[in-house]
Amino acid sequence: MRAAPEKENPGAEPGLPNSIGDANGKLDCAAEPAVSQPGREAGNKVLIRQSHDQPGLIRWTRFASVTDTRGTEQVSTWEAFVEMLRNSPPRAATKDGLPLLKLATFSGPRSSATVAEVFGLEGDHDAGEAIQRLERHGIRAVVHSTPNSTPERPRWRVLAPLSRSHPPAERARLAARLNGALDGALAPESFTPPQVFYY
């Protein structure tokens, strides 16, 4: 297990998970050494945590299925969120049987117009080496395999919390910064504000 050098983090707010971007649009760095830590392997799902956990809350929305347009708002610590992902079922009979998530809240049925606040970023990354790139920038995130991932063609999802909530108008800028840290490898759907993701 390799630890990246510790970096200063002047932009992060105390007690909250570290961020991709702060009010000045700069990259925040992890306040603790970043560590790649393999998670539980269950069926086709392999979960990898990047960085140590810190106390703090994250808001997100859970959708029971792809036809659920309203979802249920959740509040949890980042550590509990990671553990929830770790213990989620590895595979359903079809993707339609899996729940979905969004690191944002909504003011009505899910759409671009109803995104209320953004608490994190999600993105699909199929180019490999996501963990190494995130560690290089000191970014706190979870990387896990998607339902379509296979050993021959691995597909990964990146979930990165922000140090504070942001208005939806700022999501594109923050997603672009995450994409830059990942050498431009995020899939186009990663930039769609109301896009939800299976887990």
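Just so you know, these numbers come straight off a predicted model, no measurement behind them. (Residues numbered from 1 in each chain as written. Predicted model: local features only at pLDDT ≥ 70, side-chain atom pairs only at ≥ 80, totals over all residues. Heavy atoms only, no water.)

Peer 1: Give me the pattern of salt bridges: which residues, what numbers.
Peer 2: Following the criterion strictly, the structure yields seven salt bridges and no others. Across the salt bridge formed by Lys102 and Glu122, the nearest N and O atoms sit 2.9 Å from each other. A residue pair is termed long-range when its members are at least 10 positions apart, and Lys102 in strand β5 (residues 100-102) and Glu122 in strand β7 (residues 115-125) qualify at 20 residues. Of the charged contacts, one joins Glu122 and Arg171 as a salt bridge, the two residues approaching to 2.9 Å between their closest N and O atoms. (Salt bridge = Lys/Arg side-chain N within 4 Å of Asp/Glu carboxyl O. Helix = DSSP H or I, 4+ residues; strand = E, 2+ residues; numbered from the N terminus.)

Peer 1: For the sheet that holds β5, give the residues involved together with the corresponding values.
Peer 2: Strand order in the open sheet formed by four strands is β4-β3-β5-β10, with antiparallel pairing between adjacent strands. Pairing within the sheet leaves two strands with one partner each, and these edge strands are β4 (72-77) and β10 (197-198). Along the sheet, helix α1 (residues 78-86) contacts β3 (57-63), β4 and β5; its crossing angle with β4, the most-contacted strand, is approximately 115°. (Pairing = 2+ DSSP bridges. Contact = heavy atoms within 4.5 Å. Axes fitted to C-alpha atoms, helices over the stretch in contact; angles between N-to-C directions.)

Peer 1: Kindly report on the nonpolar core, identifying the contributing residues and their values.
Peer 2: Grouped together as the largest cluster of nonpolar side chains are 25 residues, with contacts concentrated most on Leu134, Val143, Val158, Leu178 and Leu182. Elements with a contribution of two residues or more to this core: β6 (104-106), β7, α2 (130-137), β8 (141-145), β9 (156-166) and α3 (171-181). The element best represented in this core is β9, accounting for four residues. The contacts of Leu182, once residues within four sequence positions are left out, are His125, Ala130, Arg133, Leu134 and Val158. Judged by nonpolar contacts, the second largest core, of 12 residues, contains Trp78, Phe81, Val82 and Tyr199. (Core = buried A, V, L, I, M, F, W, Y, C linked by side-chain atoms within 4.5 Å. Buried < 20%, exposed > 50% of the residue type's maximum accessible area, 1.4 Å probe, protein only.)

Peer 1: Can you break down the confidence of the model for the protein residue by residue, with the values?
Peer 2: Considering every residue of the protein, the mean pLDDT works out to 74; 69% of them sit at 70 or more. Model confidence for the protein, summarised as mean pLDDT per element, is weakest for strand β1 (residues 36-42) at 34 and strongest for β6 at 97. (pLDDT = per-residue confidence, 0-100.)

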